[in-house]
Amino acid sequence: MVLKLYAGPFVGGGSAIVGLTLVEKQVPYEHVLVKMDAKEHKTPEYLAKHPFGQIPMIDDDGFIVYESRAICRYIIDKYPNQGPDLLPKGLKERTLVEQAAAVEYATFTPALLPVLREGVGKKRRGEPVDQAVLDEALKELSAKLDVYEVILGKHKFLAGDEFSFADLCHYAYAPMLTMGEINIMTSKGPNVTRWWNELMSRPTWVKLKEEGFKSTQ
Ligand SMILES: N[C@@H](CCC(=O)N[C@@H](CS)C(=O)NCC(=O)O)C(=O)O
């Protein structure tokens, strides 16, 4: 049975990185559209599978997994012989990827989310933006990107010269910055700019953004 991806229609958040992992690893899937405005993610049937009632979630022939990064790791480990080696097998190489992925989850994204809340979410809802709050949030994010600038001066991607799961995790939320016309990812320094432009023009990502989640069965 083909793997089912439960996600909304929009390629963003955790669903984006799961979708991208499926495309990178050339895994066929069926997109099960979860209509969040109809609260389909809070029905007893859905909650029985995902007790927090969120997207994304997968059902791989009865094996249910939620939490986007756990799903990505599962897919990557299940299909070692197709697509890029996003989680290398060597102990040290894999640890460096996990180190960079932990930085994304514990440092980068917590600094990014306040920027999105103030600078994108509020703007899109037509609410007044508190410029002081946005500036403070941008300052925090900028400090993290200063460190990325140094790291990306040493190698092409975050954990070495190969694109990895650590880079892939950054597709969850940072692409949404442009929805608020915030160009911090391409205005900090040459290394971050080069890396981000490379991620944003990666063919698998461009295709996924253009086509949306596409059942491949
Ligand atoms: N840490 C979770 C976050 C999932 C999450 O926050 N999903 C949002 C959509 S992007 C959601 O389902 N929100 C509805 C809710 O929490 O009720 C993951 O990465 O899978």
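No experiment lies behind these values; they were computed from the predicted model shown. (Residues numbered from 1 in each chain as written. Predicted model: local features only at pLDDT ≥ 70, side-chain atom pairs only at ≥ 80, totals over all residues. Heavy atoms only, no water.)

A.B. asks: It is not clear to me how the pairing of strand S2 (residues 29-33) should be interpreted in this structure. Could you clarify?
C.D. replies: Successive side chains on a regular strand alternate, one facing one side of the sheet and the next facing the other. Pairing between strand S1 (residues 3-7) and S2: 5 bridges, direction parallel. In the strand pairing of S2, Ala 7 is matched with Leu 33. For the crossover that starts at S1, traverses helix H1 (residues 13-24) and ends in the parallel S2, the hand is right-handed. (Pairing = 2+ DSSP bridges. Helix = DSSP H or I, 4+ residues; strand = E, 2+ residues; numbered from the N terminus. Right-handed = clockwise from strand over helix to strand, strands pointing away.)

A.B. asks: I tried to follow the site of the ligand on my own but got confused; where do I start?
C.D. replies: Neighbouring the ligand are Met 36, His 41, Lys 42, Gly 53, Gln 54, Ile 55, Pro 56, Glu 67, Ser 68 and Arg 69. Interatomic distance of 2.8 Å between a backbone N/O atom of Ile 55 and a nitrogen atom of the ligand. Within the side chain of Glu 67, one N or O atom sits 2.8 Å away from a nitrogen atom of the ligand. The class makeup of the residues in the shell around the ligand is 3 nonpolar, 4 polar and 3 charged. (Near = heavy atom within 4 Å. Polar contact = N/O pair within 3.5 Å; in protein donor to acceptor, adjacent residues only side chain to side chain. Nonpolar A, V, L, I, M, F, W, Y, C, P; charged D, E, K, R; others polar.)

A.B. asks: I keep staring at the pattern of salt bridges and nothing clicks. Help me out?
C.D. replies: Side-chain pairs of opposite charge can arise where the charged atoms are in close proximity. Applying the stated criterion across every chain, the model contains 12 salt bridges. As a salt-bridge pair, Asp 60 and Lys 78 come within 2.7 Å of each other at their nearest N and O atoms. Taken as a pair, Asp 60 in strand S3 (residues 57-60) and Lys 78 in helix H3 (residues 68-78) lie far apart in primary sequence, 18 residues in all. Of the residues examined, Asp 60 reaches a relative accessible area of 7% and is grouped as buried. We classify Lys 78 as partly exposed; its relative accessible area is 39%. (Salt bridge = Lys/Arg side-chain N within 4 Å of Asp/Glu carboxyl O. Buried < 20%, exposed > 50% of the residue type's maximum accessible area, 1.4 Å probe, protein only.)

A.B. asks: Even after reading the chapter, I still don't get the packing of aromatic side chains, so can you show me in this structure?
C.D. replies: For any pair of aromatic rings, geometry is given as the distance between the ring centres together with the angle between the planes. In total, this model carries 9 aromatic pairs according to the counting rule given. On the basis of an interplanar angle of 70 degrees and a centroid distance of 6.3 Å, the ring pair of Phe 52 and Tyr 66 is categorised as edge-to-face. Within this pair, whereas Phe 52 is found in the loop between helix H2 (44-49) and S3, its partner Tyr 66 is found in strand S4 (residues 63-66), the two being separated by 14 residues in sequence. Residue class for Phe 52 comes out exposed when judged on its relative accessible area of 58%. Ring geometry for Tyr 148 and Trp 195: centres 5.8 Å apart, planes at 75 degrees, overall edge-to-face. Here Tyr 148 is found in helix H5 (residues 131-154), whereas its partner Trp 195 is found in helix H7 (residues 190-200), with 47 residues between them in sequence. No difference in accessibility class separates Tyr 148 from Trp 195, as the two residues are buried. (Phe/Tyr/Trp six-rings, centres within 6.5 Å; stacked < 30°, edge-to-face > 60°.)

A.B. asks: Would you mind showing me how to read the sheet that holds S2 here?
C.D. replies: For sheets, the rule is that strands pair by backbone hydrogen bonds, running either parallel or antiparallel. One open sheet holds the 4 strands; their spatial order is S2-S1-S3-S4, and the pairing between them is mixed. Each edge of the open sheet carries a strand with a single partner, namely S2 and S4. Across the sheet, the mean angle separating the axes of adjacent strands is 20 degrees when strand polarity is ignored. The strands touched by H1 within the sheet are S1, S2 and S3, with S1 carrying the most contacts at an inclination of about 155 degrees. (Axes fitted to C-alpha atoms, helices over the stretch in contact; angles between N-to-C directions. Contact = heavy atoms within 4.5 Å.)

A.B. asks: Teacher, can you tell me more about the environment of Lys 144 here?
C.D. replies: Tracing the backbone through its elements, the reader meets Lys 144 in helix H5. Of the residues examined, Lys 144 reaches a relative accessible area of 26% and is grouped as partly exposed. Taking the C-alpha atoms as reference points, Lys 144 and Gly 83, 61 residues apart in sequence, are found 30 Å from one another. Once you skip the residues sitting within four places of it in the chain, Lys 144 turns out to touch Thr 107 and Ala 111.

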